[in-house]
There are 4 protein chains.
Amino acid sequence: MIRAAILGATGYTAYELIKLLLRHPHVEIRCLTSRQEDSPHVSTVHPSLTGLLDLRLTQPDVQQVVDLSDIVFSCLPHAASAESVAEILAASDRIKMVDFSADYRLTDLAVYEHWYGVTHPDPQRVGVTPYGLGEWFADSIQEARLVANPGCYPTSAILAIGPLLKAGIASPQDIVIDSKSGVSGAGRSPKLTTLFPECNESFSAYGVGQHRHTPEIEQVLSTLAGENVDLIFTPHLVPMDRGILTTAYVRPKGSVTQEAVMAELRKAYEGSPFVQVVDHLPATKHVSGTNFCHLTARIVNQRIVLISCIDNLIKGASGAAVQNMNLMFGWDMTLGLL
Amino acid sequence: MIRAAILGATGYTAYELIKLLLRHPHVEIRCLTSRQEDSPHVSTVHPSLTGLLDLRLTQPDVQQVVDLSDIVFSCLPHAASAESVAEILAASDRIKMVDFSADYRLTDLAVYEHWYGVTHPDPQRVGVTPYGLGEWFADSIQEARLVANPGCYPTSAILAIGPLLKAGIASPQDIVIDSKSGVSGAGRSPKLTTLFPECNESFSAYGVGQHRHTPEIEQVLSTLAGENVDLIFTPHLVPMDRGILTTAYVRPKGSVTQEAVMAELRKAYEGSPFVQVVDHLPATKHVSGTNFCHLTARIVNQRIVLISCIDNLIKGASGAAVQNMNLMFGWDMTLGLL
Amino acid sequence: MIRAAILGATGYTAYELIKLLLRHPHVEIRCLTSRQEDSPHVSTVHPSLTGLLDLRLTQPDVQQVVDLSDIVFSCLPHAASAESVAEILAASDRIKMVDFSADYRLTDLAVYEHWYGVTHPDPQRVGVTPYGLGEWFADSIQEARLVANPGCYPTSAILAIGPLLKAGIASPQDIVIDSKSGVSGAGRSPKLTTLFPECNESFSAYGVGQHRHTPEIEQVLSTLAGENVDLIFTPHLVPMDRGILTTAYVRPKGSVTQEAVMAELRKAYEGSPFVQVVDHLPATKHVSGTNFCHLTARIVNQRIVLISCIDNLIKGASGAAVQNMNLMFGWDMTLGLL
Amino acid sequence: MIRAAILGATGYTAYELIKLLLRHPHVEIRCLTSRQEDSPHVSTVHPSLTGLLDLRLTQPDVQQVVDLSDIVFSCLPHAASAESVAEILAASDRIKMVDFSADYRLTDLAVYEHWYGVTHPDPQRVGVTPYGLGEWFADSIQEARLVANPGCYPTSAILAIGPLLKAGIASPQDIVIDSKSGVSGAGRSPKLTTLFPECNESFSAYGVGQHRHTPEIEQVLSTLAGENVDLIFTPHLVPMDRGILTTAYVRPKGSVTQEAVMAELRKAYEGSPFVQVVDHLPATKHVSGTNFCHLTARIVNQRIVLISCIDNLIKGASGAAVQNMNLMFGWDMTLGLL
């Protein structure tokens, strides 16, 4: 058994992570932190955990975290997360970490500071921390002490488009990524925009042309394509708790059949238990509460239309983090996730 | 044409009131107030009104309100509302007002101050202001300069139980009122409890034994019964925008048939166009966006089970306010409401 | 007062049409038809209409329909609708009709028969019946005895993209139309795919590359562009009752600023009260229950991203039908719709 | 490892049962039956199971079921279920069975035939088959070859009220049970009443005074009380996928404090890991996807108000079935359920 700590344990991704770790055969949750004054019991913050975990959330304390854990998951906001990562990795060379924030995803410091509007607290790890998408970067993840857990939208987009760029079937130009997400993606802090009567029975686009996941998608797809990609990414808010469906429109290099595209997708994910290439049109409900991605493709009017579904809180966050932990500790990628 | 002002115009009831008044043949909206610094255009606060009303929200100013209006609707919180009512009625003896808050509903000052935990700012109008339920108190409403608009839960409960108490068919003892409301009833201020991912796909009870509508229901039902009633009221939160369904369990005095109960309900609402006594089991969707109450009764195991549905924002708030205005100005009760 | 008949009065669009006509100052509903054996009262089929309309649904009978109406709205399925239209227009040269089906939208008989898989029952009216989008084709609608009411998706797409094609600002090539609709668009016949537990808390694409609204969008946009357009249309199902949001990606001809695009949109809809060009990102809730379209544009990575919202049952169906009726009878386009 | 068969594997309870059994350490699913002609793959019927279970649904065949299983779960409709149970138990004295239908819950044949309107196909097992509520009847369940899995509403009501009747704290008279359920409780057959646009954004009561779970609740509560109970049960439909919240109103025998009631509930469920007595007001979301029941009590106006929450598909059906299987095979009650 290894011991796990979770920093910033009050949000939705932390809650899903706790549920996954409680089912994991080799992990024991020993420390949960939060800035809340009164050190509430975890069942007060997450009533669903009543009777499942008897632990209080404590004020973040580096030494205590280090003493109580072998792996630390940071669910802190960007910048705050990198600060804690730097402190904890400095305090112990035994600890491994998975960072849920964007702090170590972007390899170009300038791009990070442009999109996030902050000075990076831990620049020397930028560009050398593996991007935690197990389906594509398992080798570097296995070696790492720190892994940058991918964003939810990037996961849905990269799993769909990546294989076709890597195989040279799709053009890196003119990519349109139209994504739709459940409301839990907006976090657990009360806001007017995510108040029930505001977003229920409504559908909207947001952050058009300005969403921070854009450079992340561009970077990883460019890596897989071996050249710069040119894309538009548009996120939308769906009146449901969880799930992301991404509809991507890519132009084939030369002519291609639907069969060839599907075959390429199947080949790319042969060894990847969590990506299921399906013939039917998937729905977010088909992967809700799971670490699976359901993916299909159609040829429409000489364009390739790719459709992928994930659970934004599991494959798009906490499930991916457990998958990364499994790789970092040399366990089966699926341990505790099926 | 008369001119209308709305105090506290940023919430859901104010929004519904604006939409109703825009359709009313004799009313023109001239003034909307809000404490917001920047005097936003109404279409910024309520985007649905784009192209329908060209008005800015202004800081509340008694003289301005008086100069611009013949009727003033107060959508302010309790206590704050009574303060404004007192000032406005003092500043002009021409103005009529409808108060959406609870400030003038309870006739006993001690009960008000016990349940609301404040000293009443305008005690002399307490007990002499008519309760604005047009189906039962039209005469006093027609004479009034100020009307206390009923609470949403009380409207659904009183319309259902009132006739049977008044007719002496139902016992005033052992009344159980189990009510279910959409989330808009909780208002438009961001709270964790009404954040989409918290209340979507969930159902809960709240304020059990402590909801402030309890004394209001007790008072009005006691008035109709001619003696004190004894009841339990339990509100619940339904994952939908709007609508209240109340299931009330009352004991008959002596034996009674379902036909007799239905006949009594039909008789009670013969002249009331907004209360429809139906044979089928009503759903909140049947009255959504309307000023109607759909009501039915069943006899189950020697008990009378009453089921009523209203739209909490219309018949439970803004529609009732327009109905009161129609009565106060001597117009047809249904004007602008069908 | 003119008299209206509605053929196929049991569905959602018929229900919305009834509610709109009940508010219309010049129209009286005299006849509702349905194939149902038992001639149910309209309040049995649509409980929300209890107390609002006292009429029974009757078996369709051409002579009766002709005798009881001046305008006939057909909400029948395709092919069945054209049959009735042909019979009714043959039986009286006084009657005007609005057809909700696709039977008279497509001007090319072969395209119609390819996409709908039926032989057209009334071919001589194909290609000569005006397309009922009042914002673009008011002149021909005013002259017509029969108008083809537009599809819901086409309305949302054409209102957004049309002005830029007509003005030559946008290229007719490479248009991507990604649309999202509420479940009422799938109709009122029970199906597994629209059963609550199947589509609630889920988001999916459907009919990718195969939706029958594709040729309709192509045809009307080609007319406005003055040349053939090349597009992909992908519909999605949103877990909400009503509303369509369309996100369209079009390539500008040469370089263009966001200001220029917005100015063109505003110019195009100067005289169109129902299309509101807004600066903010619209949500379907902003137009829910109304005949409005809210529309905006952004420039992202040298592409024009257009976002439009309508209520699929109102501006996408019944509101448009009333707007067409207003034009056909020479009334103000907005009569009964604000 | 034991082998499991599921009869009637296309519905929601069967789907949840499959997911639970896939996680169970001692069970292997070997047979799924359905009347569907084409023996579809389980992932066609339940797309969420893609990659998790490679099995086709087969036509029901007694010998095949017996050969392939050690335990058989019947998710067939009432009467059909008892027929299969009789055949299977006759064909092998090795097989154990859990019946999801109501066929063996009611101990009085006349009551069964009155409420279900059919002649019981297997009367000799009526009255001798244990009621599968592990919290109260574990001893008889452990000995049984056949267990009657409880109804969803009865589970929520009995877990709440049972302890107070058994302890003599609550009166068996005047019990009011007001229950609210998600839509999955209505099953997976397309119906107008559970079509998304009909029940979304709506709340309604149904089967008032006529729901078939009424005699089941009466019977089990009478058993626990040691005398006949007198109750009203009213079910309601909530616009959500899953979850039941029951609000029960019971009269105390003599005076009682909230502390005493809570203490009694805690005592009753000391050894029951799945029933959590909580101080806060529970929500259905707190138990969604789990086999837990969250339960609390309040004293209001000399009445005891009990509030319990379960997941209707897990603790109300498939989780309870696994809990029963665990008892029948002498395993820990919680195996595969945490």
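### A few points about the sheet that holds strand 2 (residues 27-33) of chain B
Residue and element names in this part refer to chain B.
- Pairing is parallel in the open sheet, where six strands are placed in the order 3-2-1-4-5-6. In this open sheet, the two strands that pair with only one neighbour each are strand 3 (57-58) and strand 6 (146-148).
- For strand 4 (residues 71-74) and strand 5 (residues 96-99), the ladder comprises four bridges, and the chain directions are parallel. When the bridges of strand 5 are listed, V72 appears paired with M97.
- Lying on the sheet, helix 4 (residues 80-91) is in contact with strand 1 (2-7), strand 4, strand 5 and strand 6; it crosses strand 5 at an angle near 175 degrees.

### Quick notes on the domain arrangement of chain A
All names here are of chain A.
- Annotation of chain A at the domain level lists domain 1 (2-129) and domain 2 (152-312).
- Spacing between the C-alpha centres of domain 1 and domain 2 amounts to 27 Å.
- Counting residues at the interface gives 14 residues for domain 1 and 13 residues for domain 2.
- Looking at the side of domain 1 facing domain 2, the largest losses of area belong to Y12, R105 and W115, adding up to 52% of the total buried there.
- R242 serves as the salt-bridge partner of E16, at 3.0 Å between the closest nitrogen and oxygen.
- At the junction of domain 1 with domain 2, the criterion picks out eight residue pairs in polar contact (both at pLDDT 80 or more).
- Among the elements of the structure, helix 1 (12-22) and helix 5 (109-116) are those that each provide at least two residues to the side of domain 1 that touches domain 2.

### Concerning the nonpolar core
All names here are of chain D.
- Residues I6, L21, L32, F73, I161 and L306 are the most contacted members of the largest nonpolar core, which totals 109 residues.
- The greatest single-element share of this core, amounting to nine residues, is contributed by helix 7 (residues 152-166).
- L306 has contacts with A160, I161, L164, T246, T247, A248, V250, L265, T296 and A297, leaving out every residue within four places of it along the chain.

### Brief notes about the relation of the copies chain A and chain D
- Its rotation angle being 180 degrees, the transformation that places chain A on chain D also includes 0.0 Å of axial translation and leaves an RMSD of 0.0 Å. Within this description, the copies of the chain are treated as partners about a two-fold rotation axis. Considering only C-alpha atoms, the part of chain A nearest the rotation axis is E201 of chain A, at 4.1 Å.
- In this assembly the copies share their binding face: 100% of the residues contributing to the interface of chain A also contribute to that of chain D.

Calculation rules
Residues numbered from 1 in each chain as written. Chains lettered and ligands numbered in written order. Predicted model: local features only at pLDDT ≥ 70, side-chain atom pairs only at ≥ 80, totals over all residues. Heavy atoms only, no water. Pairing = 2+ DSSP bridges. Helix = DSSP H or I, 4+ residues; strand = E, 2+ residues; numbered from the N terminus. Contact = heavy atoms within 4.5 Å. Axes fitted to C-alpha atoms, helices over the stretch in contact; angles between N-to-C directions. Domains from an automatic or database assignment. Buried area = accessible area lost by both parts, 1.4 Å probe. Salt bridge = Lys/Arg side-chain N within 4 Å of Asp/Glu carboxyl O. Polar contact = N/O pair within 3.5 Å; in protein donor to acceptor, adjacent residues only side chain to side chain. Core = buried A, V, L, I, M, F, W, Y, C linked by side-chain atoms within 4.5 Å. Buried < 20%, exposed > 50% of the residue type's maximum accessible area, 1.4 Å probe, protein only. Least-squares fit on C-alpha atoms with pLDDT ≥ 70 in both.

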